[in-house]
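Fold and contact review
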Amino acid sequence: MSSFALEPNPDPVPPEERAKQLVDPGFGRVFTDHMAIAHYDEDHGWRDARITARGPIDMSPAASVLHYAQEIFEGLKAYARPNGGAALFRPDANARRFNASARRLAMPELPEEMFLDSIRALVRADLGWIPPSEEGSLYLRPFMFASEAFLGMRSAARYLYIVMASSVGSYFKGAPSVSLWVTREYTRAAPGGTGAAKCGGNYAASLVAQAEAVRNGCDQVVFLDAVERRWVEELGGMNIFFVFEDGSLATPPLGGTILAGITRDSIITLARDIGLTVREEPYAIEQWQADAESGRLTEAFACGTAAVVTAIGSVNGAEGGFTIGGQSVGPVTQRIRERLVAIQRGQAPDPHAWIEEIA
Ligand SMILES: *Cc1c(COP(=O)(O)O)cnc(C)c1O
């Protein structure tokens, strides 16, 4: 029995209209008929958990999230299976990371089983919303925020947990690779800060740097460390990997300022499975340029649940830039992407038991 009881939406989107929306859903624009919701207060803990019609929520303008940004979120996908069911990829890792984020933001934890139940029950209710296309999936967005109406300075006593589902296609459309902008003005995360927590505030603080990237003709911003302004950390919402001539890979180490991506972790495992060496080590921006120019570095890619694995074609900054491997998708990037996607889509064996089937 799920702890999230189903109250079916009495007025779902008609099937013809839904089919239209699923043709080219883009990313994060199309939402399903239901959402999961649960309330927390200090006296009673979590309660009133249900799957209900997606709709507006009542909130006081004094809700402390609107003032002090106590908010965390997750992102994971459900993939269609030929039998009409769906599959989740490592949802237990999202449940654990959600609670790690909650601890950092002084918010209550959500029992892992409850997190998983909310996802399973919502996917079951909205199975018909997985786009039929090859690239399509149901993107799940669990989040929690402080709903208490109170302006004092302390962690709130009341919270809402909600999961929305969004029918999505591919994140980056068109070009085979993305261009990066190295921001020298802004940083994403400082030691002791919230860089390792998946919280909305990190994104709010990164948007001006992303806008700087776009103003300079680039797709995405890449951040350097806040202390020496030298070590490559990650993109606004994706981790980064470097591929070398000798076939080895490197990725910046987790040290509190980088988000511990589940895609990142899975790629480290898959690359080692196929016999590649993966180092978790700091990599300086000057070294990146020197290695790209000498040919020692042959590929680079960004990774995350939303964008999966995306080749990096060029890196630009105020002092100029450099290109990587002909700006196409390199063979190692391609191989890793295919391996990961095949497991997620049920087209390859799942040696690490990462997949949870939902009937
Ligand atoms: C979510 C996120 C990632 C990617 O994490 P995945 O678990 O792979 O989706 C990377 N960096 C940041 C800042 C993120 O918020």
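This text gives an overview of the structure that appears in the document. (Residues numbered from 1 in each chain as written. Predicted model: local features only at pLDDT ≥ 70, side-chain atom pairs only at ≥ 80, totals over all residues. Heavy atoms only, no water.)

Attention now goes to the pairing of strand S3 (residues 34-41). Counting buried positions over the 8 residues of S3 gives 7, a clear majority of the element. Two strands pair when backbone bridges link them, and S3 and strand S4 (residues 45-53) are joined in this way by 7 bridges, in the antiparallel orientation. Bridge pairing in S4 places His34 opposite Ala53. Linking S3 back to S4 in an antiparallel pair, the connection comprises 3 residues. Looking at chain direction, S3 and strand S9 (residues 158-168) are connected through 6 bridges and run antiparallel. The residue bridging His39 from the neighbouring strand is Leu160, located in S9. (Buried < 20%, exposed > 50% of the residue type's maximum accessible area, 1.4 Å probe, protein only. Helix = DSSP H or I, 4+ residues; strand = E, 2+ residues; numbered from the N terminus. Pairing = 2+ DSSP bridges.)

Turning our eyes to something else, we now look at the environment of Glu280. The residue Glu280 is located in strand S15 (residues 278-280) in this model. Spatially, the C-alpha atom of Glu280 lies 18 Å from that of Val222, the residues being 58 residues apart in sequence. Setting aside its immediate chain neighbours within four residues, Glu280 contacts Thr251, Pro253, Arg264 and Ile268. Within polar-contact distance, the side chain of Glu280 engages the side chain of Arg264 at 2.7 Å. (Contact = heavy atoms within 4.5 Å. Polar contact = N/O pair within 3.5 Å; in protein donor to acceptor, adjacent residues only side chain to side chain.)

Core analysis: the biggest nonpolar cluster contains 50 residues, and Phe4, Leu140 and Tyr161 have the highest contact counts within it. The element that contributes the greatest number of residues to this core is helix H4 (residues 112-125), accounting for 7 residues. Not counting residues up to four positions away in its chain, the partners in contact with Tyr161 are Phe4, Ala36, Ile37, Ala38, Trp46, Phe98, Leu110, Phe115, Ser118, Pro142, Phe143 and Met144. (Core = buried A, V, L, I, M, F, W, Y, C linked by side-chain atoms within 4.5 Å.)

A few words on the packing of aromatic side chains. Going through the model one piece at a time under the given rule, you end up with 17 aromatic pairs. Both rings, one in Phe98 and one in Tyr161, keep their centres 5.7 Å apart while their planes meet at 65 degrees; by these two values the pair is edge-to-face. Of this pair, Phe98 sits in helix H3 (residues 91-104) while Tyr161 sits in strand S9; the two residues are 63 residues apart in sequence, bridging distant segments of the chain. Take Phe98 and Tyr161: they sit in the same class, and that class is buried. (Phe/Tyr/Trp six-rings, centres within 6.5 Å; stacked < 30°, edge-to-face > 60°.)

This part takes up the site of the ligand. Around the ligand lies a shell of 15 residues, among which Lys198, Tyr203, Glu234, Thr263 and Thr305 are the nearest. Residue Tyr203 places a side-chain N or O atom 2.5 Å away from an oxygen atom belonging to the ligand. Here a nitrogen atom of the ligand sits 2.5 Å away from a polar atom, N or O, in the side chain of Glu234. Its residues placed into classes, the shell around the ligand shows 4 nonpolar, 7 polar and 4 charged. (Near = heavy atom within 4 Å. Nonpolar A, V, L, I, M, F, W, Y, C, P; charged D, E, K, R; others polar.)

Attention now goes to the environment of Gln344. As for its placement among the helices and strands, Gln344 is situated in helix H8 (residues 331-344). For Gln344, a relative accessible area of 7% gives the class buried. For Gln344, the contacting residues outside a window of four places in its chain are Tyr79, Arg81, Phe89 and Ile355.

This next bit is on H3. For H3, built from 14 residues, the straight-helix expectation of 20 Å at 1.5 Å per residue is met to within 8% by its first-to-last C-alpha distance of 20 Å. For H3, the full list of buried residues reads Pro91, Ala93, Asn94, Ala95, Arg97, Phe98, Asn99, Ser101 and Ala102. Trailing H3 by a residue or two, Ala106 shows a phi angle of about 55 degrees, which is positive. (Expected span 1.5 Å × (residues − 1).)

In this section: the side chain of Asn9. Structurally, Asn9 can be placed in the loop between strand S1 (5-6) and helix H1 (15-23). Classification of Asn9 by relative accessible area gives buried; the value is 15%. Within the structure, Asn9 has its side chain in polar contact with the backbone oxygen of Asp33 (distance 2.9 Å). In contact with Asn9, not counting residues within four places along its chain, are Asp33, His34, Ala53 and Arg54.

Neither face of strand S7 (residues 86-89) is exposed, since Ala86 and Leu88 on one face and Ala87 and Phe89 on the opposite face are all buried. Two elements, strand S6 (residues 76-80) and S7, share 3 bridges in a ladder whose sense is antiparallel. Residue pairing in the sheet places Tyr79 in a bridge with Ala87 of S7. In this sheet, strand S19 (residues 355-358) lies alongside S7 in antiparallel orientation, the contact comprising 4 bridges. By the bridge assignment, Phe89 is partnered in S19 with Ile355.

By themselves, these figures tell us nothing about what the structure is for.
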